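# Report on the structure
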Amino acid sequence: MLIWLAVACSDPEYGHLGKALEAYEDGRVALATGAPEVAAEAFARASSLDPDRAGLVAWEVRALRSLGADHQALSRLNSGVQRFRDSELLRFERAKLRAKLGQFSGAAEDLVWLYDREAVHPVKVGEMEAFRSLKTDPSTKELVPDPIVTAQVWAPDEAVVAGETHPIEFEITSRTGTPVEILPSDVGDGDLEVVRIIEDVVQSNKIWTKRVVRAERVATEAGPTVLGPWVIQAGSAMAITDRVVVNALALEGALAMDGTDKRGVVSLMVPSSRFPDGGPSFEPDIQGHSWAILPAGTVLESSELSVGPHMSLRQSGQPVWTAQYVHPKAEARIKRGGAVILEHSAGD
């Protein structure tokens, strides 16, 4: 647009572009002020003055659709696609309108064209309300997939010692930007209680994020213990993991456990979903604990010994932040480079 404006204003030979720009601006103002009929006429005028710009066709179509003239808008899109055969914008707008009008085969034709050129991702299309109708037709529903989540879980193959910690590791792939929860499949089972959670985002792009969540649990009983399955929830998508079996050995002199870890436990959660802002901050009374959220490069100073659960977020193994238990009666400070950046008073 800036190049268009510069040419229109600097070269008399391109004075028609200046008139096209004026018509375009008139259309934008009319559309913004609730006059779609005036806007459609202005954008049509701009397009006739500057017939080499596909975006002007798209603006006219937007105005026509605001006016409720869907069939007229489709006619303009059809002629626009004929003129601008490589326009991803016009193809996408036509796919949306065709889907709305029930022209499913035509919408599918445009979507396949767009997918072949990697102009838009099927999962993003599947999330759009404009394409929801395509899910109802067996011939087109595969073109608009719902977001999915996949998950696997592991526990140690070898025996662990009762009273000691052991890991349970989840590998989860889900839609980028959607918070993830790890829930018991049966509410009666209760949450898995752990002393430490490490989340590592190992791969991420605009569509999918793959994370590994490693939870450390205390083996409270000797013998085999069946854990899980768990429901992995990400928006409307979910997956159910397998069960895992942990075999614990009772060694003479090993720590006797009464089912309560004296260091403090917290229910299994995904750190990035629980603390999406990543600090620095103090978060009070979450599952009975107060937390200090410490971005990489910061440290916590506390007037009381703070022994309790920890969480952390990493990206490709590199630390992003840590969530650390704070004693409820402690005076605490978050510091960076020796300077205090946030303070917490007892009882806050």
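Below you will find a few notes about this structure.

Scoring rules and cut-offs
Residues numbered from 1 in each chain as written. Predicted model: local features only at pLDDT ≥ 70, side-chain atom pairs only at ≥ 80, totals over all residues. Heavy atoms only, no water. Pairing = 2+ DSSP bridges. Helix = DSSP H or I, 4+ residues; strand = E, 2+ residues; numbered from the N terminus. Axes fitted to C-alpha atoms, helices over the stretch in contact; angles between N-to-C directions. Expected span 1.5 Å × (residues − 1). Buried < 20%, exposed > 50% of the residue type's maximum accessible area, 1.4 Å probe, protein only. Contact = heavy atoms within 4.5 Å. Phe/Tyr/Trp six-rings, centres within 6.5 Å; stacked < 30°, edge-to-face > 60°. Lys NZ or Arg CZ within 6 Å of the ring centre and 35° of its normal.

## What to know about the sheet that holds strand E4 (residues 180–184)
- On the basis of which strands lie adjacent, the open sheet formed by three strands has the order E4-E9-E10 and antiparallel pairing. Only two strands of the sheet have a single partner each, and these edge strands are E4 and strand E10 (237–240). Strand-to-strand twist in this sheet, taken as the mean axis angle between neighbours without regard to direction, amounts to 20°.
- Strand direction decides the pairing type here: strand E9 (residues 230–234) and E10, joined by four bridges, are antiparallel. When the bridges of E10 are listed, Gln-233 appears paired with Met-238.

## Observations concerning helix H6 (residues 88–100)
- Between its first and last C-alpha, H6 extends 19 Å over 13 residues, near the 18 Å set by a 1.5 Å rise per residue.
- Looking only at H6, the buried set comprises Leu-90, Arg-91, Phe-92, Glu-93, Arg-94, Ala-95, Leu-97, Arg-98 and Ala-99.
- Contact partners of the buried residues in H6: helix H4 (54–67), helix H5 (70–83), helix H7 (104–116) and helix H8 (122–126).

## Overview of the sheet that holds strand E19 (residues 339–344)
- Taken together, the three strands give an open sheet; going across it, the order is E15-E18-E19, and neighbouring strands pair in antiparallel fashion. Every other strand in the sheet has two partners, leaving strand E15 (298–302) and E19 as the edge strands with one partner each. Across the sheet, the mean angle separating the axes of adjacent strands is 25° when strand polarity is ignored.
- Where E15 lies against strand E18 (residues 332–336), five bridges are found, and the strand directions are antiparallel. Paired with Val-299 across the bridge in E18 is Lys-335.

## Regarding the packing of aromatic side chains
- Enumeration over the complete set of coordinates arrives at seven aromatic pairs.
- An angle of 85° between the planes, with centres 6.0 Å apart, marks the rings of Phe-275 and Trp-321 as edge-to-face. Taken together, the residues span a long stretch of sequence, with Phe-275 in the loop between helix H9 (271–274) and strand E13 (281–286) and Trp-321 in strand E17 (residues 318–326) at a distance of 46 residues.
- Among the aromatic residues, those joined into a ring-pair cluster are Tyr-24, Phe-43 and Trp-59.
- Cation over ring: Arg-62 sits above Trp-59, and NZ or CZ is 4.2 Å from the ring centre.
- Cation over ring: Arg-274 sits above Phe-275, and NZ or CZ is 5.7 Å from the ring centre.

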